[in-house]
Amino acid sequence: MNGTAVHAAEAAAGNGRRYRLDRPELLAPAGNLEKLKFAVHYGADAVYIGGQSYGLRSNADNFSFEEMREGVEFAARYGAKVFVATNIYAHQEDLPGIADYLKQLEAAGIAAIITADPAIVETAMQHAPGLEVHLSTQQSTMNWQAVRFWKEVGLPRVVLARETSMEEIREIKSHVDLELEVFIHGAMCSSVSGRCVLSNHFTDRDSNRGGCCQSCRWKYDLHQEQGPIGDPGDNMFTMGSKDLCMIRHIPDLIEAGVDSFKIEGRMKSIHYVASVVGAYRQAIDAYMADPAGYELQPAWEEEIGKAANRPLNTGFFYSTPGASEHIYEPEEKPAPYDFAAIVREYDPATGIAVVEQRSPFRPGTEVEFVGPGGRSFKQVAGPLSDTDGAAVDVARHPLQLIRIRTVEPVAPLDMMRKKIGSV
Amino acid sequence: MTTELLIAAGSIDQIRSYAGAGANAVLIGDSRFGARLPGSIAEADLKEAVACAHDLGARAYIAAGKLLRNHELPALPGYLRAAAEAGADAVTFGDPAVWMAVRDAAPAMAMHWNVEMTGTNSAAAAFWSRRGVSRAVLARELNGEEIADFKRSGTIEVQVQVHGMTNIYHSQRNLLQSYMDYLGREASLVDLGPSEGRFLIEAERPDERLPVYEDDNGTHVMSADDICLLEALPELLEAGVDSLYIEPLLKSEAYNVAAIRSYRRAIDAWHRDPGAYEFDEEWLAPIRALQDPGRELSFGFLYKEQVY
């Protein structure tokens, strides 16, 4: 897609309802090159990554320019694009290197940057015209006049604030012809994006330059003059929000005219990214194939549930979040399934797969194989051997290659998972 | 020309008392377009309010710094026209929608760019300067060197907060109401606003009280300490900072008047003879006398080095 008009093609269906026919982009996070490959393989139309500078995830692996080139090349084989988040608010000391950095991104084949700071927006437009500039959610844009402003500046796309409702998205789309990207899944700032400096105050870490230490998820006593508001034993006050999940509302999002569906989580695991991307890919494809006959499949939600650990909600899309949209309980539970291995090879003649270990399993472990498009089956692991053919009692070494017979065909980059804690 | 001393005012009486105490400018408005104001001056009263400030030799700026939603846009052009007709000297904005509306409805109005935590570099300010904006309000999280470099590198007036609390977290969620609901309290009967004295204490930081309140614009968490840059004024004045802001929120009028008087004295003393300027402890005493003992006076981020 580019900055020129993206008109929602619509067709009248027999029931008088109109359906949008152009396919939205599914945009996934990729914390490193391996995650990028999984995100693309499981159905992302585009991925966003962080480079070594100017991104808000200073603790993530982040990509070198060399890795970016490799990622771009891999994605291109699937017709997918790579975006780079340059979403910090720069300080004076950050300014001198911006132009060079953006030129390097352009040279690496990056399709777009995701940026909030007007300094980076302008530098990109002047010095790296081959990069599309997408306005980051860090600008907290939620009205159509602001979207119109950024269109006049020359940007092809705005990522809306996570506070924007479905109704407001429709209104924005009806007023301005510009690509709109919205978050549909993942963790959320409970503050207005960019308008939180808790980390700066508590730990001298600059949240708007990638230093956020998630202080909003810490526990607080709420007091009034007479004393604490909670009773002893009550769960404490928190600003921590449940995670966003819009899998049940794909038709609404498509029909509202959202051009890009964004999944949060550059810090998340391969297992998480692949599972979530796979589920949304199936939902979007099902709608596009037959809007009138679309039905939500429980399997998509189950798939997300196997890799996600936080409780889920629909954020601001349908109403302002209330008590049930926040996490007051003390512990987050781990995701119910563990990522056990990646399929690296499969021989249809023998039915034997070579898998790369990610957590321990053994003969007798109940495992599930999952691939793109919702292809999955369960089995009990039979005898295991290493690549020399020696029997293995427990696959206990990370990255160890293990031979296992599968009851159905599998393919490279399929995942093998198991119930958490089982070996 | 003296350095501007600016404070927000929540009523015409406050304009009178703050301008009388030595403020050169007041920031006024209402919660439809401004956030975290110490009080509301209605659109219909803007003319009287601006005239009051002007009569006392002070400029009047209109606070329209909120992030806006679609449904808030229709009233904006009329409001800006009313502000212009009232003779307001500038409007502060954070949302580009306000810039668009000024262009259409009040093109002669001066504009001040205030995006709070995210006004962090001179190149971003230059982006707005090229679009007719005359002033940048700097993030409170910048240090002295960054402030000086910002001013030196830019072509735009610079405003820095020198006193009072700062907003450190703003959510459009109703977090106090949500927690009351979670606890099963009948909070709908309770005022959750700024005058109720509620505060948060983070589990590991028992000595820091973070004021918190809820209003039409969501939930606001404020800093546990009050910035006080009175002793560091020469640094800011030498850097050429154009406007010094005192945040009056959650303080008594008497406290704010004392703060204005002290900063006024220090600014005037420096301008009379920067070379001979010496800080006078007496300037700080009236502020200290009225300072909430639970809140420290601090240099904020002026001497801090942040990591990320």
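As the structure is a computational prediction, the values presented were derived from the model and not from experiment.

Let us look at the overall build of chain A. Scanning chain A from N- to C-terminus turns up 10 helices and 22 strands. Since a compact globule built from 423 residues should have a radius of gyration of about 22 Å, the 23 Å found for chain A is in line with a globular shape. When burial is assessed residue by residue, chain A has 60% of its 423 residues classed as buried. Pairs at least 24 residues apart make up 67% of the contacts formed inside chain A by residues separated by at least 6 positions. For chain A, the exposed surface amounts to about 15900 Å²; the carbon and sulfur share of it is 49%. One finds the centroid of the 42 positive side-chain charges in chain A at a distance of 3 Å from the centroid of its 57 negative side-chain charges.

This brings us to the interface of chain B and chain A. Every contact between the two is made by 66 residues of chain B and, on the other side, 77 residues of chain A. Summed over both partners, the interface of chain B with chain A comes to about 6500 Å²; 58% of that surface belongs to carbon and sulfur atoms. Its largest share of buried area at the contact with chain A, chain B owes to B:Arg173, B:Tyr179 and B:Tyr308, together 13% of the area lost on that side. Run the count over chain B and chain A and you get 7 salt bridges.

All names here are of chain B. Domain boundaries in chain B define domain 1 (4-165 + 225-298) and domain 2 (170-221). Summing the contributions of domain 1 and of domain 2, the shared interface buries around 830 Å²; its carbon and sulfur component is 46%. For the pair domain 1 and domain 2, the interface holds 0 salt bridges. Here domain 1 and domain 2 share 5 residue pairs in polar contact (both at pLDDT 80 or more) between them.

Another point: helix H5 (residues 122-129) of chain B. All names here are of chain B. Across the 8 residues that make up H5, a large majority, 6, are buried. If you check which residues of H5 are buried, you get Ser122, Ala124, Ala125, Phe127, Trp128 and Ser129. For H5, the N-terminal cap is Asn121; the gap from its side-chain oxygen to the backbone nitrogen of Ala123 is 3.0 Å.

Okay, the pattern of salt bridges next. Summed over all chains, the structure comprises 50 salt bridges over all chains. Linking A:Asp243 and A:Arg310 is a salt bridge whose minimum nitrogen-to-oxygen distance equals 2.9 Å. Taken together, the positions of A:Asp243 in strand E12 (residues 243-245) and A:Arg310 in the loop between helix H10 (298-307) and strand E14 (312-313) put the pair 67 residues apart, joining distant regions of the chain. Per residue, the accessibility class of A:Asp243 equals that of A:Arg310, and both read buried. We note a salt bridge from B:Asp13 to B:Arg16, for which the minimum N-O separation is 3.1 Å.

Residue and element names in this part refer to chain A. Of the two faces of strand E6 (residues 112-115), the one carrying Ala112 and Ile114 and the one carrying Ile113 and Thr115 are both buried. Across 3 bridges, strand E5 (residues 81-85) lies against E6 in parallel orientation. Residue Val84 lies in a different strand from E6, and its bridge partner there is Ile113. Handedness of the crossover joining E5 and E6 through helix H3 (residues 98-107) is recorded here as right-handed. For E6 and strand E7 (residues 132-135), the ladder comprises 4 bridges, and the chain directions are parallel. Bridging from a neighbouring strand, Thr115 pairs with Leu135 of E7. Chirality of the crossover, the property in question, places the unit of E6, helix H4 (residues 118-127) and E7 among those that are right-handed.

Let's shift gears to the side chain of A:Asp243. Residues and elements named next belong to chain A. For Asp243, a relative accessible area of 2% puts it in the buried group. A distance of 2.9 Å separates the side chain of Asp243 from the side chain of Arg310, its partner in a polar contact. Residues contacting Asp243, with those up to four places away along its chain left out, are Gly186, Ala187, Met188, Arg217, Lys268, Arg310, Pro311, Leu312 and Asn313.

So, on to the environment of B:Ala108. The topology assignment puts B:Ala108 in the loop between helix H4 (96-105) and strand E5 (111-113). Measuring from C-alpha to C-alpha, the distance between B:Ala108 and B:Ser195 comes to 37 Å, with 87 residues separating the pair along the chain.

Attention now goes to the sheet that holds strand E20 (residues 391-392) of chain A. All names here are of chain A. The antiparallel open sheet is built from 8 strands, whose spatial order is E18-E17-E22-E15-E16-E21-E19-E20. Looking at the sheet topology across the chains shown, the edges are occupied by strand E18 (376-380) and E20. Contacting strand E15 (337-347) and strand E22 (415-419), helix H9 (residues 270-289) crosses the sheet at an angle of about 105° to E22.

Quick look at the pairing of strand E9 (residues 199-202) of chain B now. Of the two faces of E9(B), the one holding B:Phe199 and B:Ile201 and the one holding B:Leu200 and B:Glu202 are both buried throughout. Here strand E10 (residues 220-224) of chain A runs beside E9(B); their pairing, made up of 4 bridges, is antiparallel. Bridging from a neighbouring strand, A:Leu222 pairs with B:Leu200 of E9(B). Here 2 bridges tie E9(B) to strand E10 (residues 210-215) of chain B, and the two strands are oriented antiparallel to one another. Pairing of B:Phe199 across the sheet is with B:Pro211, part of E10(B).

All names here are of chain A. Taken domain by domain, chain A consists of domain 1 (10-194 + 239-325) and domain 2 (337-419). Here the C-alpha centre of domain 2 lies 32 Å away from the C-alpha centre of domain 1. Domain 1 puts 11 residues into the contact, and the matching count from domain 2 is 18 residues. Three residues stand out in domain 1 for area buried against domain 2, namely Tyr42, His271 and Lys306, and they jointly supply 46% of the buried area on that side. The tally of links from domain 1 across to domain 2 stands at 4 salt bridges. The shortest N-O distance in the salt bridge between Arg344 and Glu34 comes to 3.2 Å. The interface formed by domain 1 and domain 2 includes 10 residue pairs in polar contact (both at pLDDT 80 or more). At the level of elements, helix H1 (33-41), H9 and H10 are the ones that each hand at least two residues to the side of domain 1 that touches domain 2. The element that contributes the greatest number of residues to the side of domain 1 that touches domain 2 is H9, accounting for 5 residues.

With that settled, the discussion passes to the sheet that holds E10(B). One open sheet holds the 6 strands; their spatial order is E11(A)-E10(A)-E9(B)-E10(B)-E11(B)-E8(B), and the pairing between them is antiparallel. Because the sheet does not close on itself, it has two edges, and the strands there are strand E11 (227-228) of chain A together with strand E8 (167-171) of chain B. Along the sheet face, helix H7 (residues 175-183) of chain B touches E10 of chain A together with E8, E10 and strand E11 (218-222) of chain B and points at about 90° away from the line of E10(B).

Bringing the side chain of A:Gln145 into the picture now. Considering the arrangement of structural elements, one finds A:Gln145 in helix H5 (residues 144-153). Here A:Gln145 falls in the buried class, since its relative accessible area comes to 12%. Only 2.9 Å separates the side chain of A:Gln145 from the side chain of A:Arg148, close enough to count as a polar contact. Not counting residues up to four positions away in its chain, the partners in contact with A:Gln145 are B:Leu73, B:Ala97 and B:Met100.

Rules of the game
Residues numbered from 1 in each chain as written. Chains lettered and ligands numbered in written order. Predicted model: local features only at pLDDT ≥ 70, side-chain atom pairs only at ≥ 80, totals over all residues. Heavy atoms only, no water. Helix = DSSP H or I, 4+ residues; strand = E, 2+ residues; numbered from the N terminus. Rg over C-alpha atoms; globule rule 2.2 N^0.38 Å. Buried < 20%, exposed > 50% of the residue type's maximum accessible area, 1.4 Å probe, protein only. Contact = heavy atoms within 4.5 Å. Areas by Shrake-Rupley, 256 points an atom, 1.4 Å probe, with all protein chains shown as cover. Lys, Arg positive; Asp, Glu negative; His and termini not counted. Charge placed at Lys NZ, Arg CZ, Asp CG, Glu CD. Buried area = accessible area lost by both parts, 1.4 Å probe. Salt bridge = Lys/Arg side-chain N within 4 Å of Asp/Glu carboxyl O. Domains from an automatic or database assignment. Polar contact = N/O pair within 3.5 Å; in protein donor to acceptor, adjacent residues only side chain to side chain. Pairing = 2+ DSSP bridges. Right-handed = clockwise from strand over helix to strand, strands pointing away. Axes fitted to C-alpha atoms, helices over the stretch in contact; angles between N-to-C directions.

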